[in-house]
Amino acid sequence: MKKKRKTLQRIIVVFMAVAMIAGILAACGGGSKQNETTTGAEEKTTGKAEETTVQVPNKPSTWVSDSKLEVTMLFHEEANTPYKAEWPIWKYIEDMTNVKLKVQVSPATDHINKVKLLLSAGSAPDIITRIGSAGVKYEETILDIAPYLDKMPNMMSAINKFKYDIKLMKNADGRIFQLPQLFEVGIQTHALFIRSDLRKEFGMEVPKTVDDLFDYMKKCKEKYPDSFPLSQIWKEDHLYYGLGPSFGTWLGWNVGQDQIDISPITGEIKHWPSSNETREMLRYLNKLHKNGLIDPEFVTQTDDAWKNKMATNKAFVSWHWMGSMDDVVKAAKEAGNDIEFEPVLPLDSSVTHGWSCKTWRGGLVWGINAAIKDNPRFDDILKFIDILYYNKEMQERLYLGIKDEHYTEDTGGNLLRAEKYDVNKGVSSNLIKRDFGISLNDLNGYREKKWAYIDYDKRTLDFVSALVDSGKVTISENVDLRSLLTNEESERFSVKNAPRKEYIDSMMLNFIFGRNNIDNDWDAYVKECENKGSKELLEFYKKKYEEYKANQK
Amino acid sequence: MITRGYKIFKYTNYAFMVFVILLTLTPFLNVVSMSFSSNSAIILGEVGIIPKGFNLGAYKRVLADPYFFTGYKNTIVYTCCSTLVSLFMTTICAYALSKKRLTGRKAIMSLIILTMIISGGLVPNFILIKSLGWINKIWAIIIPGAISHWNLFITIAFFQTLPNSLEEAAEIDGLNPIQIFAKIVLPLSKPILATITLYYAVSSWNNWFGPWVYMTTKDKYPVTLYLRSLIVGAELAAREGDVDAMQKAGFSPTTIRTATIVLVSFPILMVYPFIQKYFVKGVMIGSIKG
């Protein structure tokens, strides 16, 4: 009897466990069903890209909803400009369009995961910001706006006005899943910083080549033997981002995880970590290491440790954003160390093709939830999105604010912030954003040239002008190679990306710090990269890119 | 008689314990002193356990943000409600499961153990909560995870140590099971109740993930989510070139971070000395019998 009862109990437990597992597996397939209504987008398969000819209206249009409409948005909240419900911009948007923008806040720290979760669960808002990096399956969840470009006259007008290449918005099959930021100019505020007081003391000119920089750092080392003149923050990707273009290579922040991209100068597609250009860059960094000129701790050090070295004569050279050295200078001066940093124009090398850095005129930022196609007010929602991001009057208000209250215009046509928010008086450009929600990046789809300069101080603008005048800036407007892959292709290749990158990161540091020899061990390194999938992916990208170019003709 | 050897041991022991205390206390004191120091002093590496360039700029900045107080209020509300609900559900569940005569007890225990190994996943959980209409509601924070496996098992183990004769005597006196539970069992269970209250309260206080998943408006965020956004988000922003000039104002992301850490952890630090003994007892419960 006891035995029979035990057997029965076991059967019940096994049955319930199987039922639970079956239930879980059934639920896992439930997410995609939420988006079954997006069959319109799913029906389109790869094929020749459709030529989208749109009758561009003579001028952008405005529109007001004839009845109250609510549109939801997933708002990417930056730490320095936290969301406030009381920002006047929300009321302005509603007053101008009769549309209430209902905002769901997503902190920047976990925004990508939030986007993936909401799309997978079929609960995404109508507008999703910063969708580009989420890596979601667009075909199932995001609206293809290619068939609806005629409903977005403001966007098309801005594209024509700023001479933006609409092909950059398209996937290989001509579909468009992301809305762009349309900026008249790109502004690059990342630079190499060196100690100008030391340079003047040494009687040296501003470095123009990597060899000049080497000589400068040697002098610094002679004066401060315990120092390591070049110290970088945020690990090696930041160093490669700054130094790489001087050697004609695109690494670090310049490239995605698969580290294959199109050179904005030569148009070549390469696997950059195994290129000859990278080899020369690593040779140079190894030379710095042999001469004690590069900080061995730079890969792991914290922000505060880096600032300490820069303020106490333990380091003198670093790549960073404009304005980032100000607190270092202030701290040093308070300690009686009168130092100054100056930004340096991008350096040339023996490898360089006469260019130095790339910048972007905005990017692909917003996605629209495909579920809105079932909304009876679908057309109105599209019109609202078009007005919100691309209507000049709306964007003027959202980006600049109210004239004579938040900004003024001088006789030369230059725009200046009100004194309380004037960046030239040491005020952060984030202050006006925090107070009014003005000038937020995630609400800015249209930006004219003179608007762009309003939130940069004179020092930054002088540097930007010098950069442009040097002819060393290239606007990177190539198609993103990742967008040419189907979801299956992307999943197939992405499996090898992480282990390959891990190998490459460690080998590049080995070359820099002399643990591997740049001449003897290079071929073996390249071979190993190929074994880990770089060659296969590179050939595949080249093939897809040729198909893409053929489709654009 | 106290021998010389014992005295040496005693004083060596004291010295060692003081060393361990300093070792564990120093990083915390460093965080506190950084929160009261100037940005320049931090950059110059001059801040140890005593603030340098004393200023309250970071605290003023944090306390000027209304969402900090909203977050704090939410954290207190979520912690109190979660702890009460969890305490109630855990004790009644544990009491029932502590009775060996409960039909299907083994099957239920097996299922509970199964859920420790297999989880539905984040997306199905989100869909479930959404279907219940709990998105952006406090129930989404309280109900999922209301019963912790670990706390349930240690409570079961504790209830099993109570003599059956007490309950039998109460039954003879005419009490029903609910009255026995409320009037006999619970008063005897103060140690375990204090232990699991502490565990649930600390867990709930630190919880940011549930609110991040289920809350859609910022006025429902707890202070821990606010803190996370501040700490991690500031570095993300700096990497994208968003150089906030608060450095020029005398405080920096570091002082803001440390000030927020102090403000968020302060209540737990104030309460913990009074309930520490229950925490220690709780760790031992279930391992020592008799």
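It should be noted that the structure appears before, not after, this text.
Here is a short report on the structure shown in this document. No experiment lies behind these values; they were computed from the predicted model shown. (Residues numbered from 1 in each chain as written. Chains lettered and ligands numbered in written order. Predicted model: local features only at pLDDT ≥ 70, side-chain atom pairs only at ≥ 80, totals over all residues. Heavy atoms only, no water.)

In this section: the overall build of chain A. Of the regular secondary structure elements, chain A holds 21 helices and 16 strands. Across chain A, contacts joining residues at least 24 apart in sequence account for 77% of those joining residues at least 6 apart. Looking at chain A as shown, the accessible area adds up to about 23,800 Å², and 50% of this sits on carbon and sulfur atoms. (Helix = DSSP H or I, 4+ residues; strand = E, 2+ residues; numbered from the N terminus. Contact = heavy atoms within 4.5 Å. Areas by Shrake-Rupley, 256 points an atom, 1.4 Å probe, with all protein chains shown as cover.)

All names here are of chain B. Between helix H9 (residues 164-172) and helix H10 (residues 177-188), whose axes approach to 10 Å, the crossing angle comes to 150 degrees. Taken together, the axes of H9 and H10 are roughly antiparallel relative to one another. By crossing handedness, the relation of H9 to H10 is classed as right-handed. Together, Leu166, Glu167, Ala170 and Glu171 of H9 and Ile180, Ile184, Val185 and Leu188 of H10 make up the contact between the two elements. Split by residue class, the contact of H9 with H10 holds six nonpolar, no polar and two charged. (Axes fitted to C-alpha atoms, helices over the stretch in contact; angles between N-to-C directions. Parallel < 35°, antiparallel > 145°, perpendicular 65-115°, else oblique. Left-handed = near helix turned anticlockwise from the far one by under 90°. Nonpolar A, V, L, I, M, F, W, Y, C, P; charged D, E, K, R; others polar.)

Moving on, we come to the pairing of strand E6 (residues 190-195) of chain A. Residues and elements named next belong to chain A. The buried count for E6 comes to six of six residues, which makes it a mostly enclosed element. Neither face of E6 is left uncovered, since the one carrying His190, Leu192 and Ile194 and the one carrying Ala191, Phe193 and Arg195 both have all their residues buried. Here E6 runs beside strand E9 (residues 317-321); their pairing, made up of five bridges, is antiparallel. For Ala191, the partnering residue across the bridge sits in E9 and is His320. (Buried < 20%, exposed > 50% of the residue type's maximum accessible area, 1.4 Å probe, protein only. Pairing = 2+ DSSP bridges.)

A word on the interface of chain A and chain B. Residue-level contacts link 56 residues of chain A with 51 residues of chain B. For the chain A and chain B pair, buried surface summed over both sides reaches about 4,700 Å², with 60% attributable to carbon and sulfur atoms. Across the chain A-chain B interface, the total number found is two salt bridges. Summed over the shared surface of chain A and chain B, the number is 12 residue pairs in polar contact (both at pLDDT 80 or more). Taken together, the elements giving at least two residues each to the side of chain A that touches chain B come down to helix H1 (2-28), strand E2 (99-107), helix H5 (111-120), helix H12 (303-311), helix H13 (326-334) and helix H16 (430-436) of chain A. Looking at the side of chain A that touches chain B element by element, the count peaks at seven residues for H1(A). Of the residues in the side of chain A that touches chain B, the class split is 27 nonpolar, 16 polar and 13 charged. (Buried area = accessible area lost by both parts, 1.4 Å probe. Salt bridge = Lys/Arg side-chain N within 4 Å of Asp/Glu carboxyl O. Polar contact = N/O pair within 3.5 Å; in protein donor to acceptor, adjacent residues only side chain to side chain.)

This next bit is on the packing of aromatic side chains. Within this structure, the stated rule accounts for 40 aromatic pairs over all chains. Here the aromatic rings of Phe247(A) and Tyr284(A) are separated by 5.6 Å at their centres, their planes lie at 45 degrees, and the arrangement is tilted. A residue pair is termed long-range when its members are at least 10 positions apart, and Phe247(A) in the loop between helix H10 (235-243) and strand E7 (260-262) and Tyr284(A) in helix H11 (residues 276-290) qualify at 37 residues. Note on Tyr284(A): relative accessible area 6%, which makes it buried. Between Phe158(B) and Phe159(B), the aromatic rings sit 6.5 Å apart at their centres with planes inclined by 65 degrees, giving edge-to-face as the arrangement. For Phe158(B), a relative accessible area of 14% translates into the label buried. Accessibility expressed as a relative area gives 2% for Phe159(B), which makes it buried. Taken together, the aromatic side chains of Phe68(B), Phe69(B), Tyr72(B), Trp205(B) and Tyr226(B) make up a single cluster linked through ring pairs. (Phe/Tyr/Trp six-rings, centres within 6.5 Å; stacked < 30°, edge-to-face > 60°.)

Here the focus is the nonpolar core. Within soluble globular proteins, side chains that are nonpolar tend to cluster in buried spots. All names here are of chain A. Counting residues in hydrophobic clusters, the biggest one holds 100 residues, and the most contacted among them are Trp90, Leu101, Ile127, Met155 and Phe384. For this core, the element with the highest residue contribution is helix H14 (residues 378-390), accounting for nine residues. Residue contacts for Met155: discarding those within four places in its chain leaves Ile145, Leu149, Met169, Leu179, Pro180, Leu182, Asp386 and Tyr390. If you look at the next biggest cluster of nonpolar residues, it comprises 47 residues, including Ile194, Phe247, Leu251 and Trp319. (Core = buried A, V, L, I, M, F, W, Y, C linked by side-chain atoms within 4.5 Å.)

All names here are of chain A. Strand order across the open sheet formed by three strands is E9-E6-E10, with antiparallel pairing between neighbours. The open sheet has two edge strands, E9 and strand E10 (341-344), and neither has a second partner. Going from strand to strand, the sheet's axes swing by 40 degrees on average, the running direction of each strand aside. Against the sheet, H12 makes contact with E6, E9 and E10, and its axis sits at roughly 125 degrees relative to E9, the strand it touches most.

Moving on: helix H1 (residues 4-35) of chain B. Residue and element names in this part refer to chain B. With 32 residues, H1 should reach 46 Å at 1.5 Å per residue; the first-to-last C-alpha distance of 46 Å fits that figure. Leu25 marks where H1 bends most, by close to 35 degrees; the proline Pro27 follows one to four residues later. For H1, the set of buried residues is Ser33, Met34 and Ser35. (Expected span 1.5 Å × (residues − 1). Bend = angle between axes of the 7 residues up to and from the residue.)

A separate point is the side chain of Gln259(A). Structurally, the position occupied by Gln259(A) is in the loop between H10 and E7. Those residues in contact with Gln259(A) that sit more than four places away from it in its chain are Lys270(A), His271(A), Trp272(A), Pro273(A), Lys501(A), Ile504(A) and Asp505(A).

This paragraph deals with the environment of Ile172(B). Residues and elements named next belong to chain B. By the secondary structure assignment, Ile172 is in helix H9. Residue class for Ile172 comes out exposed when judged on its relative accessible area of 72%. Here the alpha-carbon distance between Ile172 and Ala194, two residues 22 residues apart in the chain, equals 30 Å.

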